[in-house]
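Chain by chain, the residues run as shown.
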Amino acid sequence: MVATILDCHYGLSFGLFVAAGLTDALDGTLARMLKQRTMLGQYLDPVADKLLLSTLFLVLTHQNLIP
């Protein structure tokens, strides 16, 4: 997503963001349904979400697309 934003391919970047959100939701749903929770997963999933959003905010700010 970072590369697509830096190359000004905003539609593709948005599509990748939506795909990431959908796969994250599917992963969480399947983990709950199949009772496949792990302690590591409980820590890494929120960290990965925050890392993704923080990186996107930094890149969008760098490109002057958000204040």
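Relevant structure appears above.
My aim in this report is to walk through the structure given alongside it, one point at a time. What you see is a predicted model; the values in this text were computed from it and never measured. (Residues numbered from 1 in each chain as written. Predicted model: local features only at pLDDT ≥ 70, side-chain atom pairs only at ≥ 80, totals over all residues. Heavy atoms only, no water.)

**Considering unusual backbone geometry**
Then, in step 1: Unusually for a residue other than glycine, C8 sits at a positive phi of about 65°.
Then, in step 2: Here C8 lies in the loop between α1 (2-6) and α2 (10-33).
Then, in step 3: According to the relative accessible area criterion, C8 is partly exposed, its value standing at 46%.
Then, in step 4: Unusually for a residue other than glycine, K35 sits at a positive phi of about 55°.
Then, in step 5: Within the secondary structure layout, K35 lies in the loop between α2 and α3 (39-62).
Then, in step 6: Classification of K35 by relative accessible area gives exposed; the value is 71%. (Helix = DSSP H or I, 4+ residues; strand = E, 2+ residues; numbered from the N terminus. Buried < 20%, exposed > 50% of the residue type's maximum accessible area, 1.4 Å probe, protein only.)

**Looking at α2**
It helps to recall that an α-helix has 3.6 residues per turn; residues three or four apart then point in one direction.
Then, in step 1: Over its 24 residues, α2 runs 34 Å from end to end, which matches the ideal 34 Å to within 8%, given 1.5 Å per residue.
Then, in step 2: Count one or two residues on from α2 and you reach K35, which has phi positive near 55°. (Expected span 1.5 Å × (residues − 1).)

**Brief notes about a nonpolar patch on the surface**
Then, in step 1: On the surface, F14, F17, V18, L22, L53 and F57 cluster together to form a nonpolar patch covering roughly 590 Å² of accessible area.
Then, in step 2: Position of F57 among the secondary structure elements: in helix α3. (Patch = residues over 30% accessible without salt bridge, like charges linked within 9 Å, V, L, I, M, F, W, Y side chains within 5 Å. Areas by Shrake-Rupley, 256 points an atom, 1.4 Å probe, with all protein chains shown as cover. Salt bridge = Lys/Arg side-chain N within 4 Å of Asp/Glu carboxyl O.)

**Things to note about the environment of L40**
Then, in step 1: Here L40 is to be found in helix α3.
Then, in step 2: Taking relative accessible area as the criterion, L40 reaches 57% and is therefore assigned exposed.

**What about the side chain of S13?**
Then, in step 1: With respect to the element layout, S13 can be found in helix α2.
Then, in step 2: Residue classification places S13 among the buried positions, given a relative accessible area of 7%.
Then, in step 3: With near-sequence residues (within four places) excluded, S13 lies in contact with M1, T4 and I5. (Contact = heavy atoms within 4.5 Å.)

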